[in-house]
Amino acid sequence: MGKKRQRTTTQEGASEGNPLGYESALNDKNIKDDEEKRLEALLFGTSFPSAATGVFTNQEAVANDLDVDVGGGLENLMDSDLFYVDNAGPSRLPDDLLLNSNHTIDYNKDDKDEDPLQQMTQDDSRQRGDSRAAAVLNSNRKKNAAWVDPDDVNIEVSLASDNRLRKLRDAPVEDIVKGRDYEARLRRQFEKMNPAPEWASAARDILRGKKRRRASQSSQSASASGDEDHITSFINSSGKLLSSQISLPQGQISIERLRDANQSAKAEGEIRSVKFHPSPSISILLTASADRRLRLFNIDGHTNPHLQSVHIPTLPITNAQFHPSGSSVLLTGHRPFYYIYDLKSGACTRSPRGLWGTHAANPDNSDLSMDTCAFSQTGDTLAVAGRRGYVHLVDWRHGGGQVVGNVKMNSGVKDIWWTAENRLMTLGEDAEVYLWDMVSRRCLRRWKDDGGFGSVTMTGSKNNSYLAIGSKTGLVNVYGSDSTIFGTPAGAPKPLKTIGNLTTAITSMCFNQDAQILALSSKNKKDQLKMVHLPSLTVFANWPTSATPLGHITSMDFSPGTEYAAIGNTRGRVLLYNLRHFVSN
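Residues numbered from 1 in each chain as written. Predicted model: local features only at pLDDT ≥ 70, side-chain atom pairs only at ≥ 80, totals over all residues. Heavy atoms only, no water.

Caption draft 1: Summary view of the overall build of the protein. A count of helical and extended segments in the protein gives nine helices and 30 strands. Counting the 585 residues in the protein, one finds 39% classified as buried. Nonlocal contacts in the protein, meaning residues at least 24 apart in sequence, comprise 46% of its contacts between residues at least 6 apart. About 33,900 Å² of surface is accessible on the protein, with carbon and sulfur atoms providing 50% of the total. (Helix = DSSP H or I, 4+ residues; strand = E, 2+ residues; numbered from the N terminus. Buried < 20%, exposed > 50% of the residue type's maximum accessible area, 1.4 Å probe, protein only. Contact = heavy atoms within 4.5 Å. Areas by Shrake-Rupley, 256 points an atom, 1.4 Å probe, with all protein chains shown as cover.)

Structure representation (structure tokens):
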């Protein structure tokens with residue numbers, strides 16, 4: 001609106017004494033300014049006299065303020081030409097309504113009694129109802145992306161120029177990729193690094209099966225109910241999701257370096273012992289180091305948070321191991337006593353006095369140490385290697401406390417291992433292997449290691465399928481199950497194969513849970529580690545390589561599910577590797 005025009009100085013026919021609201025004053029056009037007259041003309045479609053020409057037409061008013069046709073007076077326009085309905089953008093309506101979605105409401109129908117305003121309200125309500133119905137119908141469809149960048153199609157990314165992106169290439173010569181392809185490769189790499197857990201995949205399959213059963217015909221109701229009972233028992237059970245053993249192929253092993261297991265609490269000195277918790281559902285790793293400390297870590301493959309540290313000043317820890325029940329940790333060293341750390345209470349207690357008897361009654365034990373000891377697989381007995389070929393048996397059914405007996409070899413004890421039948425196997429300095437019965441405490445079988453290369457260490461698989469004996473020359477003899485049982489033909493068993501890939505004394509050996517991998521290492525030389533594929537008795541050729549920074553290895557262990565392999569070295573680090581073949585997909 002323009003500026004208001006000045007009121008006329010003369011108001012003809014007006015009485016100055018009339019009060020405000022006087023009827024003649026309201027009807028007298030001379031007391032109204034031009035602005036009021038123009039508004040009345042726009043509202044009622046009439047003309048009014050202007051101050052300049054005497055007549056100010058409605059065409060001029062419309063031309064000045066409204067964008068309409070000025071060819072005729074507003075009094076000749078129909079109501080349908082004065083009003084229109086503004087449809088605010090397209091809506092998801094059925095096709096028959098979309099064709100007429102932009103129509104103008106016509107009030108000049110045959111039915112003159114219908115209120116135009118009521119008709120507009122009803123039509124708008126119908127449109128909103130149809131939009132809600134269409135939204136409900138589209139809710140069952142697959143959701144689209146909330147936002148898509150159209151520039152992704154035009155983006156070009158170089159994979160060879162950045163070292164972090166080279167792993168995304170499908171071929172060594174590949175370089176430039178489009179934006180969408182780059183996004184797909186990033187997603188693939190993320191799923192490779194963080195695969196979906198097996199329990200989530202199993203639950204997703206179960207949900208899909210339920211949906212298929214709901215959509216099946218009534219004739220399959222009986223079989224569907226049987227499937228429901230099977231799924232219910234599957235969900236309520238706490239057993240393994242995979243009933244069959246994962247078969248590991250030979251030749252190549254898929255392994256990946258992760259963040260160090262003890263990065264959150266590094267050791268001051270070499271790592272003496274590394275062990276995983278025996279339960280597959282508890283991801284705890286213990287480390288014992290030369291600084292006389294026991295450390296516990298929660299292994300998740302990412303941050304591996306530090307849980308607890310225990311300092312024992314009076315015991316130089318050389319061996320730390322979980323009890324087979326997983327409730328406590330046994331700490332031993334070059335001392336005639338031990339410590340037990342209870343995982344539930346967090347208490348660390350020393351062995352009771354008089355464990356080995358008095359010095360006068362048992363002088364052979366005056367220089368006793370507990371460096372070499374091992375629990376039976378049931379956890380009832382602890383075998384401790386003593387001096388002059390003695391192996392002492394400690395009753396552990398009530399938490400330890402007393403030596404209940406011993407067995408004696410013809411030479412010094414080098415290593416101890418328990419079979420699945422709760423029988424004890426010992427290795428002597430003369431390379432002889434003894435098999436002992438714990439009930440009668442007599443030797444059931446004795447045989448000499450093949451070659452007699454100076455045997456120093458011995459271990460076996462949990463299912464008694466294999467027995468490995470390492471020597472100080474680097475040779476490892478791998479025997480079959482006939483070496484661990486009683487009643488086989490007389491004479492020494494023949495090794496299945498002799499592994500000669502290492503050239504220095506074997507200091508550490510361990511089998512994985514299902515006896516498919518045997519790890520061998522030597523502390524005397526740097527980066528001395530080999531992994532053997534037991535079904536084929538061949539060494540994996542692709543790892544470790546000459547560039548793998550392992551250091552001088554002191555201890556190693558596999559997790560119960562073989563997802564992880566922990567390797568301790570003399571620098572106080574516990575290297576953690578992920579075996580991709582055993583990761584649940």
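Caption draft 2: Structural context of the packing of aromatic side chains. Evaluated as defined, the whole model comprises six aromatic pairs. The interplanar angle of 75° and the centroid separation of 6.1 Å between the aromatic rings of F337 and Y339 together place this pair among those described as edge-to-face. Given the relative accessible area of 12%, Y339 is considered buried. In this structure an aromatic cluster arises from ring pairing among Y338, F375 and W396. It is R350 that lies over the ring of F337; its NZ or CZ is 3.8 Å from the centre. Seen from the ring of Y390, K408 lies directly overhead, with NZ or CZ sitting 5.6 Å from the centre. (Phe/Tyr/Trp six-rings, centres within 6.5 Å; stacked < 30°, edge-to-face > 60°. Lys NZ or Arg CZ within 6 Å of the ring centre and 35° of its normal.)

Caption draft 3: The arrangement of the sheet that holds strand β12 (residues 373-375) in detail. As summarised here, the arrangement of the four strands in space is β12-β13-β14-β15, forming an open sheet in which the pairing is antiparallel. This sheet does not close on itself; its edge strands, each paired only once, are β12 and β15 (402-408). Recorded for the sheet is a direction-independent mean angle of 25° between the axes of neighbouring strands. Pairing of strand β14 (residues 390-395) with β15, which is carried by six bridges, proceeds in the antiparallel orientation. Bridging from a neighbouring strand, V391 pairs with V407 of β15. (Pairing = 2+ DSSP bridges. Axes fitted to C-alpha atoms, helices over the stretch in contact; angles between N-to-C directions.)

Caption draft 4: Broad picture of the layout of surface pockets. Taken as a whole, the largest pocket spans an internal volume of roughly 1,800 Å³. In this structure, the largest pocket is lined by 50 residues; those nearest its centre are K275, N319, Q321, T459 and M509. At the level of secondary structure, the elements contributing two or more residues to the lining of the largest pocket comprise β4 (271-276), β8 (317-322), β12, β16 (413-418), β20 (455-460), β24 (508-511) and β28 (553-558). Broken down by element, the residue count for the lining of the largest pocket peaks at six residues, all from β16. Its residues assigned to classes, the lining of the largest pocket shows 21 nonpolar, 20 polar and nine charged. (1 Å grid on protein atoms, 1.4 Å probe; cavity = no way out; pocket = protein on both sides within 12 Å on 5 of 7 lines; lining within 4 Å. Points joined across faces, edges and corners; volume = space filled by probe spheres on them. Nonpolar A, V, L, I, M, F, W, Y, C, P; charged D, E, K, R; others polar.)

Caption draft 5: Structural view of the pattern of salt bridges. Under the definition given, this model contains 16 salt bridges. Salt-bridge contacts for R185 lead to D170; the nearest nitrogen and oxygen are separated by 3.5 Å. Taken together, the positions of R185 in helix α7 (residues 179-193) and D170 in the loop between β1 (156-158) and β2 (176-178) put the pair 15 residues apart, joining distant regions of the chain. The exposure class of R185 is buried, given its relative accessible area of 5%. As a salt-bridge pair, E174 and R185 come within 2.3 Å of each other at their nearest N and O atoms. On the criterion of sequence distance, the pair formed by E174 in the loop between β1 and β2 and R185 in helix α7 is long-range, its members being 11 residues apart. Through salt bridges with shared partners, a single network forms among D170, E174, D181, R185 and R188. (Salt bridge = Lys/Arg side-chain N within 4 Å of Asp/Glu carboxyl O.)

Caption draft 6: Seen up close, helix α2 (residues 34-44). Turning to α2, its buried residues are D34, E35, K37, R38 and A41. Taken around the axis of α2, the buried residues stretch over an arc of 165°, which confines them to a single face. What points out from α2, more than 90 degrees from its buried face, is the exposed set L43 and F44. Just beyond α2, the residue with positive phi is G45, at close to 75°. (Arc of directions from axis to C-beta.)

Caption draft 7: Quick peek at empty space enclosed by the protein. Summed over all chains, the structure comprises two cavities of 30 Å³ or more. Forming the walls of the second largest cavity are C510, A519, M531, M556, D557, F558, A565, A566 and I567. Elements with a contribution of two residues or more to the lining of the second largest cavity: β28 and β29 (564-569). In terms of residue class, the lining of the second largest cavity is built from eight nonpolar, no polar and one charged.

Caption draft 8: Main features of the nonpolar core. Of all hydrophobic cores here, the largest spans 20 residues; its most connected members are I517, M531, W543, L550, F558, I567 and L579. Contributions of two or more residues to this core are made by β25 (517-521), β26 (529-533), β28, β29 and β30 (574-579). With residues near it in sequence (within four places) discarded, I517 still touches L248, I253, C510, F511, N512, M531, V532, L534, F540, F558, L579 and F582. The next biggest cluster of nonpolar side chains, apart from the first, holds 16 residues, and it includes A288, L294, L315 and F322. (Core = buried A, V, L, I, M, F, W, Y, C linked by side-chain atoms within 4.5 Å.)

Caption draft 9: Just the sheet that holds strand β18 (residues 432-437), in detail. As summarised here, the arrangement of the four strands in space is β16-β17-β18-β19, forming an open sheet in which the pairing is antiparallel. Strand pairing shows two members of the sheet lacking a second neighbour, β16 and β19 (442-448), which therefore form its edges. Going across the sheet, the axis of each strand differs from the next one's by a mean of 20°, ignoring polarity. Judged from the six bridges that link them, β18 and β19 form a sheet pairing that is antiparallel. Looking at the pairing, D437 lines up with R442 of β19.

Caption draft 10: Layout of the pairing of strand β6 (residues 293-298). Where strand β5 (residues 284-289) and β6 come together, five bridges link them in antiparallel fashion. Bridged to A288 within β6 is L294.

Caption draft 11: A look at the side chain of S273. When you line up the elements, S273 lands in strand β4. Of the residues examined, S273 reaches a relative accessible area of 3% and is grouped as buried. Polar contacts involving the side chain of S273 include one to the main-chain carbonyl oxygen of A320, which spans 2.9 Å. Setting aside residues up to four positions removed in sequence, S273 forms contacts with L286, T287, A288, N319, A320 and S555. (Polar contact = N/O pair within 3.5 Å; in protein donor to acceptor, adjacent residues only side chain to side chain.)

Caption draft 12: Structural detail: unusual backbone geometry. Put simply, W543 and P544 share a cis peptide bond, and its omega is -5°. Here P544 lies in the loop between β27 (538-539) and β28.

Caption draft 13: Up close: the pairing of β30. Burial analysis of β30 places six of its six residues in the buried class, which makes it a mostly covered element. Note that strand β3 (residues 255-257) and β30 share three bridges and pair antiparallel. Counted as the bridge partner of R257 is Y577 from β30. When β29 meets β30, the two strands line up antiparallel, connected through five bridges. In the sheet register, Y564 faces β30, and the bridge partner there is N578. Between β29 and β30, which pair antiparallel and follow one another directly, the connecting turn spans four residues, one of which, G572, has a positive phi of 80°.

Function-wise, these values are silent; they only describe arrangement.
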